[in-house]
Amino acid sequence: MTFLDVAELRVGFPTRIGWTHPVDGVSLRIGRGETLALVGASGSGKSLTALAIMGLLPRPGRILSGSIRLNGEDLAVAPERRLREVRGRSIGMVFQDPLASLNPVRTIGDQLVETLRAHDTMGAGEAWREAARLLEAVGLPDAAARLHAWPHQLSGGQRQRALIAIALAGRPGLLIADEPTSALDVTIQAEILDLLDQLRRDQGLAMLLITHDLAVAATQADRVAVMQAGQIVESGSVHEVLRHPAHRYTAALLEAVPHLPRGLP
Amino acid sequence: MTAPLLAVDRLVCAYRGRDGSTVHAVNDVSLTVQAGETLALVGESGSGKSTLARAVVGLLRPVAGTIRFDGLDLSAIARRELRSLRRRFQIVFQDPFASLNPRLTAGETVGEGLEIHAIGTSGTRAERVAALFSEVGIDPARRADYPHTFSGGERQRLALARALAVDPELLVLDEPVSALDVMVRAEILELLARLQRSRGLACLFIAHDLATVARVAQRIAVMYAGRIVETGPATAILTAPAHPYTMALRSAVPSINAAERPERIILRGASPGPTAVASGCGFATRCWWPERAARCDAERPELRPVGDRAVACHFSRES
């Protein structure tokens, strides 16, 4: 069943010489329990597509046409008040830089509890218990003690786990992960990708994974959409697109992935 | 075998922590780079690899050990001599947005080294700068442009041209492509491989993953918590890593082809970082090998030859 259905989305920014369209007629669909990887170079419009879905386009950009149906509701025409409800409640987000996304002067627990209580009529005690449970669910060691930790006391991988916990606090149906591992060490990257995959399976999340790395897409996604200059130039099952890239740009992206000599079993 | 161009011997680098404690970022590290060869130094953040790079180019004074360039001990020679020696090794940093002076034009940036080392006349310098632009694939017509008008990949090309201006024999590359997109990354690696061939350059290439260095390195040294845990020929390390940490690094490389994808090894816990353990193996806290034993906590494994490489693990054996 389609959970997110974006059709012919067009985002415009006014310039001195008229409108530019960094997102230009993008269509994509994600079902529950499915991961779609949106792949492209920096500047291709993949992050702006995500921001448009969440209603967080930077000014003076705006949606010019198209629809963003989330569970049937068109977010492209929804008022800001409704979008605020949707963010966190129906859509969770994880960004690239976990240090920049956390408030440095509030503990991890404070930030989790704030998010939990923003979306639910939940007592403080219950919220703190739920916060501890969430941190445990994202695999933070010694979760209960971590509630009182400050962001700077956590490693990069732990911060990303904490952010994922915050993203999941409102029990969203769609998780948007924008380059969630690009700022992390490779071994930590593998851990976080594994965690995201496990959460998708366990909670039946629809996942939009944004990455510039086709190899990451290959290991994580069911389907892939390749974006270039604001448009999706190719999409399909990971298997199909990577095996037989139909578009020149996809082939070039594939070419850029380093091939390592094969390892021993 | 000829004498190495760069020989680092039992190097120790330390920082004073805020609480007065001493943090050993690089601990007893030895390595060599032959003329014309690329050695990749791979490790996660906090493993000490950038500290080592800074020590090698003289930006940081080591606590113990020696760094020899072409047989000359960098800590023992006079300041003036060091200055002329510096022309022979250059460094390129990770962030091309931070490493270029925003108030110098691209041409001034690339030509600065020529002036500092008084190479050529102003006329021949201009020619030389233009040639360097072409060599790294940037239109010499853009000499008068400022860094902000260049993309990340183009800036890294400028940083390379700047480093190459004084005709160095050794380039120290500190994560030169980590800040770049996959496609731009491939282009820069291609350029590096080409320059290495055409100029016979030796490189110390620092990276945090094995995928990046596969195209450029002849040898690989893997660093963990301030020490080298495995070193040997690149192909051997990429195809059959022998240290449990190298195996985890290798398994973390995402691959397009499912058949090429080894089982992902997930390391538990966090890196001890530079606050290295006093005794025992630095990797013991995250080691996933069934062989792991009490000995690993008590006795530090020395780097010892295992087949075609050296490994610092009590339990590594020839495969």
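Residues numbered from 1 in each chain as written. Chains lettered and ligands numbered in written order. Predicted model: local features only at pLDDT ≥ 70, side-chain atom pairs only at ≥ 80, totals over all residues.

**Points about the overall build of chain B**
Right, so step 1: When you go through chain B residue by residue, the secondary structure sums to 10 helices and 12 strands.
Right, so step 2: The C-alpha radius of gyration of chain B comes to 20 Å, within 12% of the 20 Å expected for a compact globule of 319 residues.
Right, so step 3: Structurally, chain B occupies a C-alpha span of about 65 × 50 × 45 Å along its principal axes.
Right, so step 4: Residues classed as buried in chain B amount to 46% of the 319 residues present. (Helix = DSSP H or I, 4+ residues; strand = E, 2+ residues; numbered from the N terminus. Rg over C-alpha atoms; globule rule 2.2 N^0.38 Å. Buried ≥ 20, exposed ≤ 12 C-beta atoms within 10 Å, placed from the backbone.)

**A short note on the domain arrangement of chain A**
Residues and elements named next belong to chain A.
Right, so step 1: Partitioning chain A into domains gives domain 1 (2-90 + 172-256) and domain 2 (101-169).
Right, so step 2: For domain 1 versus domain 2, the distance between C-alpha centres works out to 25 Å.
Right, so step 3: On the side of domain 2, 12 residues touch domain 1, which itself brings 11 residues to the contact.
Right, so step 4: Elements that contribute at least two residues to the side of domain 1 that touches domain 2 include exactly α2 (80-89) and α8 (186-203).
Right, so step 5: Here the element with the most residues in the side of domain 1 that touches domain 2 is α8; it accounts for 4 residues. (Domains from an automatic or database assignment. Contact = placed C-beta atoms within 7 Å.)

**Details of unusual backbone geometry**
Residues other than glycine predominantly adopt negative phi, and peptide bonds predominantly adopt the trans conformation.
All names here are of chain A.
Right, so step 1: Looking along the chain, the bond that leaves R59 and enters P60 is cis, with omega of 0°.
Right, so step 2: In this fold, P60 is placed in the loop between α1 (46-54) and β4 (62-70).
Right, so step 3: A positive phi is found at A229, a non-glycine position, where the angle reads about 50°.

**Notes on the packing of helix α4 (residues 108-119) of chain A against helix α7 (residues 156-168) of chain A**
Residues and elements named next belong to chain A.
Right, so step 1: Where α4 contacts α7, the axes come no closer than 9 Å and their chain directions differ by 20°. One finds that α4 runs roughly parallel with respect to α7. Between α4 and α7 lies a crossing whose hand is right-handed. Along the contact surface, α4 presents I108, Q111, L112 and T115, while α7 presents A162, A165 and I166.
Right, so step 2: Each residue belonging to the contact of α4 with α7 can be placed in one class, and the counts come to 5 nonpolar, 2 polar and no charged. (Axes fitted to C-alpha atoms, helices over the stretch in contact; angles between N-to-C directions. Parallel < 35°, antiparallel > 145°, perpendicular 65-115°, else oblique. Left-handed = near helix turned anticlockwise from the far one by under 90°. Nonpolar A, V, L, I, M, F, W, Y, C, P; charged D, E, K, R; others polar.)

**A look at the pairing of strand β9 (residues 219-224) of chain B**
All names here are of chain B.
Right, so step 1: A large share of β9 lies buried, amounting to 6 of its 6 residues.
Right, so step 2: Of the two faces of β9, the one holding R219, A221 and M223 and the one holding I220, V222 and Y224 are both buried throughout.
Right, so step 3: Alignment of strand β3 (residues 38-42) against β9, held across 4 bridges, turns out to be parallel. Pairing of L39 across the sheet is with R219, part of β9. (Pairing = 2+ DSSP bridges.)

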